[in-house]
Amino acid sequence: MKKAEKITSRTVPSKNQMSETFINNAFLAMSGGLQDAYTYNTRDGVFSNAQTGNVVLMSQYIMVGAWKDAVRYMIPLIAFALGVFVTECIQHKYKYDNKIHWRQRMLLLEILILFVVGFIPIEWNMIATVLVSFTCAIQVQAFRTVGGYSYASTMCIGNLRSGINALSMYLRDKKIEQLEQCSYYFGIIFVFAVGAGIGGNLSLKYGISVIWFSCILLFISFLIMHNRNKEF
């Protein structure tokens, strides 16, 4: 194998690229886990981040003609798609803006929306879930790499596959970059699970305002990135 070949499709980040550091993405992943547990436990059992689950349930209800239930899972899916679209448009427009980086803009938008969600009563659960799904898409689209490796901060299946793949390759090839890749993925999965556990238990105990903890985590990420002397 040639030296130039990599174990995965990896971008080579600047050592100062704060948006890709593990510490920054750890807070994002913890927030992602909290959001998913929050909507499932306090907003009628609908996942805000795990859209695969929503597709499964939507299809199940469509097959039996339960259209009202199907729509309950379809709308968050549409909101997620819209979030990806809006984020891509904002990235294109503000990518080279030197005043505030476009990723920080997206974080502030996400924080604002989630803060509002904490005031939405349970009678309007669908609206709350749609907004959380929208912010999840913002996060997924804006933050796609950690340490140069592609990943997702709001779901685990892709990270688990990539982590196990890297572990298998390391056990065979004993290359340090494979072990590094594995540690990134399993570290992200761990903090996601911590966020989900905290979010789930707090949601059951304290209700709809628990989403504000996610705002705090995202604001910490914003502060980590807010260093004018470094690239984003």
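Since the model is a prediction, treat every value here as computed from it, not as a measurement.

Basis of the calculations
- Residues numbered from 1 in each chain as written.
- Predicted model: local features only at pLDDT ≥ 70, side-chain atom pairs only at ≥ 80, totals over all residues.
- Heavy atoms only, no water.
- Helix = DSSP H or I, 4+ residues; strand = E, 2+ residues; numbered from the N terminus.
- Rg over C-alpha atoms; globule rule 2.2 N^0.38 Å.
- Core = buried A, V, L, I, M, F, W, Y, C linked by side-chain atoms within 4.5 Å.
- Buried < 20%, exposed > 50% of the residue type's maximum accessible area, 1.4 Å probe, protein only.
- Expected span 1.5 Å × (residues − 1).
- pLDDT = per-residue confidence, 0-100.
- Contact = heavy atoms within 4.5 Å.
- Salt bridge = Lys/Arg side-chain N within 4 Å of Asp/Glu carboxyl O.
- Patch = residues over 30% accessible without salt bridge, like charges linked within 9 Å, V, L, I, M, F, W, Y side chains within 5 Å.
- Areas by Shrake-Rupley, 256 points an atom, 1.4 Å probe, with all protein chains shown as cover.
- Disulfide = S-S within 2.5 Å.
- Phe/Tyr/Trp six-rings, centres within 6.5 Å; stacked < 30°, edge-to-face > 60°.
- Lys NZ or Arg CZ within 6 Å of the ring centre and 35° of its normal.
- Axes fitted to C-alpha atoms, helices over the stretch in contact; angles between N-to-C directions.
- Parallel < 35°, antiparallel > 145°, perpendicular 65-115°, else oblique.
- Left-handed = near helix turned anticlockwise from the far one by under 90°.
- Nonpolar A, V, L, I, M, F, W, Y, C, P; charged D, E, K, R; others polar.

Here we take up the overall build of the protein. When its secondary structure is counted, the protein shows eight helices and two strands. Counted from the first residue to the last, the protein has its helices and strands arranged as α-α-α-α-α-β-β-α-α-α. Whereas a compact globule of 232 residues would reach a radius of gyration of roughly 17 Å, the protein reaches 18 Å, a difference of no more than 12%. Over its C-alpha atoms, taken along the principal directions, the protein stretches across nearly 55 × 45 × 35 Å.

By size, the foremost hydrophobic cluster in this structure holds 36 residues, and its most contacted members are Leu107 and Val117. The set of elements that each furnish at least two residues to this core consists of helix H1 (22-42), helix H4 (102-117), helix H5 (125-142), helix H7 (176-206) and helix H8 (211-225).

With that settled, consider H1. Compared with an ideal rise of 1.5 Å per residue, which puts 21 residues at 30 Å, H1 spans 30 Å between its outermost C-alpha atoms and is within 8% of the ideal. Burial analysis of H1 places 16 of its 21 residues in the buried class, the great majority of the element.

Right, let's get into the confidence of the model for the protein. Taken residue by residue, the protein gives an average pLDDT of 87. The fraction at 70 or more is 90%. Segment residues 1-9 is flagged for pLDDT under 50; beyond a separation of four residues in sequence, or across chains, it makes eight contacts in the model.

One can find Asp36 in helix H1. Exposure remark for Asp36: the relative accessible area of 10% places this residue in the buried category. Taking C-alpha positions, Asp36 is 7.9 Å from Thr154, a pair spaced 118 residues apart along the chain.

Bringing the pattern of salt bridges into the picture now. Scanning the entire structure with this criterion turns up one salt bridge. A salt bridge links Asp173 to Arg172, with the shortest nitrogen-to-oxygen separation between them at 3.5 Å.

A cluster of nonpolar residues, Leu160, Ile164, Leu167 and Leu171, forms a patch on the protein surface that exposes about 340 Å² of accessible area. Structurally, the position occupied by Leu171 is in helix H6 (residues 157-173).

All told, the structure shown has zero disulfides when counted by the stated rule. Note on Cys89: no disulfide assigned, nearest cysteine sulfur contributed by Cys136 at a separation of 18 Å.

Turning to the packing of aromatic side chains, a few remarks are in order. Here the distance between the centres and the angle between the planes together describe a pair of aromatic rings. The full count for this structure, using the stated rule, is eight aromatic pairs. Taking the centre distance of 5.2 Å and the plane angle of 80° together, the rings of Phe115 and Phe119 count as edge-to-face. Aromatic rings pair up to connect Phe22, Tyr149, Tyr184 and Tyr185 into one cluster. One Lys or Arg, Arg105, reaches over the ring of Tyr94 and ends 4.1 Å from the middle of that ring.

Contact geometry for H1 and H5: axes closest at 11 Å, N-to-C directions at 160°. Judged on the interaxial angle alone, H5 and H1 are roughly antiparallel. Here H1 and H5 pass one another in a crossing that is left-handed. Contact residues: H1 offers Leu28, Ala29, Ser31, Gly32, Gln35, Thr39 and Thr42, while H5 offers Asn125, Val132, Thr135, Cys136 and Gln139. Here the contact of H1 with H5 is composed, by residue class, of four nonpolar, eight polar and no charged.

The next subject is the packing of H1 against H8. At a minimum axis separation of 9 Å, H1 and H8 run at an interaxial angle of 165°. Viewed along their axes, H1 and H8 adopt a mutual orientation that is roughly antiparallel. For the pair H1 and H8, the sense of crossing is left-handed. Here Ile23, Asn24, Phe27, Leu28, Met30, Ser31, Leu34, Gln35 and Tyr38 of H1 lie close against H8, whose contacting residues are Ile211, Phe213, Ser214, Leu217, Leu218, Ile220, Ser221, Ile224 and Met225. Across the contact of H1 with H8, the residue classes break down as 13 nonpolar, five polar and no charged.

Here the focus is H8. Taking 1.5 Å of rise per residue, 15 residues should cover 21 Å, and H8 covers 22 Å from first to last C-alpha, within 8% of that figure. Ile211, Ser214, Cys215, Leu217, Leu218, Ser221, Phe222, Ile224 and Met225 are the residues of H8 that are buried. The elements touched by buried residues of H8 are H1, H4 and H5.

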